[in-house]
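Structural description and commentary
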Amino acid sequence: MSAGADGRRTGRGSGRPRLRVLRVGPDALLVELDGADQAIAFHAELQRRRAVSGFPSVTEVVPAEHTVLLDGVSDPDALAAELPGWRVPPLRTAGDQRVTVPVRYDGADVAEVAALWGVAEREVARIHSATEFRVAFSGFAPGFGYLTGLPERYRVPRRAVPRRAVPAGAIALAGRYTGAYPRSSPGGWQLIGHTDAVLWDPSREPAALFSPGTRVRFAIEES
Amino acid sequence: MTVTVISAGLLTTVQDLGRPGHAHLGVPRSGALDQPAHRLANRLVGNPATAATLETTVLGCTLRADRAVTVAVAGAPCAVRVDGRPAAWGAPVRLPAGAVLEVGPATRGVRSYLAFAGGVAADPVLGSRSTDLLSGLGPAPLAPGDALPLGEPVGPAAGVDVLPVPAPPEPLLLPVLFGPREDWFTARSPAVLTGSDYRVSPTSNRIGLRLEGPPLERARDGELPSEGMVLGAIQVPPDGRPVVFLADHPTTGGYPVIGVVPAAALPAAAQAVPGTPVRFTPAGRR
């Protein structure tokens, strides 16, 4: 097996992320980081470098929990060799897309979430709306963003039995993530509220309100 | 002008080259599963490759055109009839105004591609008219009574002397580049994958070619943090039976990918009927 398949762990130096580059088929690379925050920072740096000329042609850049997939890479060998030498600066917030989304915190699982958090029910809205979130990645459905920002102690499990239909606009929690359902679908996340904001409209530019890297605030809307 | 759907067969969808470039928003690439056949059908009626065609599934479809139009059928071979009379497969066919076009059941393979001069002019979504069965983007699958708008013809129909009739190879040979999650499987799993006889499962669809055969054993338990997926990825769910991702595959997934089938081998996979023997062949290790 060549070096590419084993990947390369680098790091220790300032700004050098510990990362592994895994080959995926003939023309894709999967960059694996040590954790979610590192993946977000690496993705932000990747986007910064893509915006300046000279970056190799890539069809898709797909961030996920601990990885960033680069698909349709024009010269995967060269990029695989180059990536471990990257310096990734700490995340900066200047210049990020920011959106504020009004939410009525009246979801069916507010009481359960409050119990899991060990707080009064009304505190769920206060804690959640006081948090600054960032869209870490998308998936599950077009425009469904996985938002990070809540501290680790507010991690919640998925519901034991998923709902057959979660309404469009539902704001929900699972694991360390907050998500918002762009359209009605089955779902196992804990519902804490609802927004009337249009999360996904393919005829709009941009189609997704929550795209990776966007900073998000939820504002309490009284019902 | 429009064509009206009389019968949509098992499943007929509008397809073009898909909508790559939006995977980071959770949008599958979609697009014609047998792209060479889609391109050929378009070329036969003078369309660019980006024009939308109809992709049938096993049983073909029947339509009526309100005005005269040139059509061509490629991909899975089938009987083509105009007002009940035999017409050419794999060649431009002039459809008179009001005539009924039958694209018959596939005699081999799964998916035929029906191109109209000017292309199917359904409303594009994110730059593509493709029906995406995973996320529901693009036009709905065809249903009887649907009226499909057609675009203006742009080029002359192509003259073709002889069109090779594709015979789906048996067994279907799928080259595999191992990784990225080979290490999630037992050491013998790659040899099981490339040394065993698999068969195409009837549960295969535009999302994936599902395979029946020896299960692949995981070397570790637990969940893989969800990660980006590529076309041709061989994902292995908990039952151990490999699934080769086709155009409507999810953009991220949490089951480990043992290897990837290069895209060039996937048109043949799209034409493999349920029960077709499948052999994975090692294409190297990166």
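Predicted, not measured: the structure shown is a model, and the values here were computed from it.

The helix and strand inventory of chain A stands at 5 helices and 13 strands. Its C-alpha atoms give chain A principal-axis dimensions of roughly 55 × 40 × 35 Å. Across the 223 residues in chain A, those meeting the buried criterion constitute 41%. Taking as baseline every contact in chain A between residues at least 6 positions apart, the subset at least 24 positions apart corresponds to 59%.

Across its full length, chain B holds 3 helices and 20 strands. Its C-alpha atoms give chain B a radius of gyration of 20 Å, near enough to 19 Å, the size a compact globule of 286 residues would have. With the C-alpha coordinates of chain B rotated into their principal frame, the extents come out at 60 × 40 × 30 Å. For chain B, the residues scored as buried account for 54% of the 286 residues in total.

This part covers the nonpolar core. Counting residues in each nonpolar core, the largest one holds 141 residues, and the members touching the most others are V31(A), A41(B), V71(B), V73(B) and A115(B). Those residues in contact with V31(A), other than ones at most four positions away along the chain, are L19(A), V21(A), F42(A), T67(A), V68(A), L70(A) and L83(A).

Moving on, we get to the pairing of strand β19 (residues 257-260) of chain B. Alignment of strand β12 (residues 172-178) of chain B against β19(B), held across 2 bridges, turns out to be antiparallel. Within β19(B), the position partnered with F178(B) by the bridge is G259(B).

Looking now at the interface of chain A and chain B. Between chain A and chain B, the residue contacts involve 34 residues of the former and 26 residues of the latter. Those elements giving two or more residues to the side of chain A that touches chain B turn out to be α1 (3-6), β1 (19-24), β2 (28-33), β3 (60-63), β4 (67-71), β6 (133-139) and β7 (141-148) of chain A. Residues belonging to the side of chain A that touches chain B are distributed by class as follows: 20 nonpolar, 10 polar and 4 charged.

Residues and elements named next belong to chain B. With respect to the helices and strands, the residue G145 is situated in the loop between β10 (112-116) and β11 (147-149). The exposed category is assigned to G145, around which 9 C-beta atoms lie within 10 Å. Taking C-alpha positions, G145 is 5.2 Å from V5, a pair spaced 140 residues apart along the chain.

Below, the discussion takes up the environment of A208(A). By secondary structure assignment, the location of A208(A) is in the loop between β12 (190-194) and β13 (215-220). Under the C-beta neighbour-count criterion, A208(A) is labelled buried, with 24 such atoms within 10 Å. Remark: the alpha-carbon pair of A208(A) and P182(A), spanning 26 residues in sequence, is separated by 8.9 Å. Setting aside anything within four residues of it in sequence, one finds A208(A) in contact with S138(A), G143(A), W200(A) and L25(B).

All names here are of chain B. The strand order β7-β6-β9-β4-β1-β11 describes an open sheet built from 6 strands, whose pairing is antiparallel. Here the strands that pair on one side only, and so sit at the sheet edges, are β7 (85-87) and β11. Strand-to-strand, the axes of this sheet are offset by a mean angle of 30°, without reference to chain direction. Judged from the 3 bridges that link them, strand β6 (residues 78-82) and β7 form a sheet pairing that is antiparallel. Paired with V80 across the two strands is A87, which belongs to β7.

Residues and elements named next belong to chain A. Across the sheet, 4 strands lie side by side as β1-β2-β4-β3; this open sheet has antiparallel pairing. The open sheet is flanked by β1 and β3, the only strands paired with a single partner. Adjacent strand axes in the sheet meet at a mean angle of 15° when their direction is disregarded. Of the pairings in the sheet, the one linking β2 to β4 comprises 4 bridges and is antiparallel in character. Following the sheet pairing, V31 is matched in β4 by V68.

Here chain B averages 94 in pLDDT, and 95% of its residues register 70 or above. For this predicted complex, the interface score ipTM comes out at 0.94, while the overall pTM is 0.93.

Before going further, it helps to examine the confidence of the model for chain A. Averaged over chain A, the pLDDT score is 90; the fraction of residues at 70 or greater is 93%. Within the model, pLDDT remains below 50 along residues 1-13 of chain A, and this stretch shows 27 contacts once partners closer than five positions in the same chain are excluded.

As a further point, take the packing of helix α4 (residues 110-117) of chain A against helix α5 (residues 121-129) of chain A. All names here are of chain A. Orientation of α4 relative to α5, taken along the N-to-C sense of each, is 80°, at an axis distance of 8 Å. If you check the angle between α4 and α5, you find them roughly perpendicular. Mapping the contact onto sequence places V110, A111, V113, A114 and W117 in α4 and E121, E123 and V124 in α5. Residue composition of the contact of α4 with α5, grouped by class: 6 nonpolar, no polar and 2 charged.

What counts as what
Residues numbered from 1 in each chain as written. Chains lettered and ligands numbered in written order. Predicted model: local features only at pLDDT ≥ 70, side-chain atom pairs only at ≥ 80, totals over all residues. Helix = DSSP H or I, 4+ residues; strand = E, 2+ residues; numbered from the N terminus. Buried ≥ 20, exposed ≤ 12 C-beta atoms within 10 Å, placed from the backbone. Contact = placed C-beta atoms within 7 Å. Rg over C-alpha atoms; globule rule 2.2 N^0.38 Å. Core = buried A, V, L, I, M, F, W, Y, C linked by C-beta atoms within 7 Å. Pairing = 2+ DSSP bridges. Nonpolar A, V, L, I, M, F, W, Y, C, P; charged D, E, K, R; others polar. Axes fitted to C-alpha atoms, helices over the stretch in contact; angles between N-to-C directions. pLDDT = per-residue confidence, 0-100. Parallel < 35°, antiparallel > 145°, perpendicular 65-115°, else oblique.

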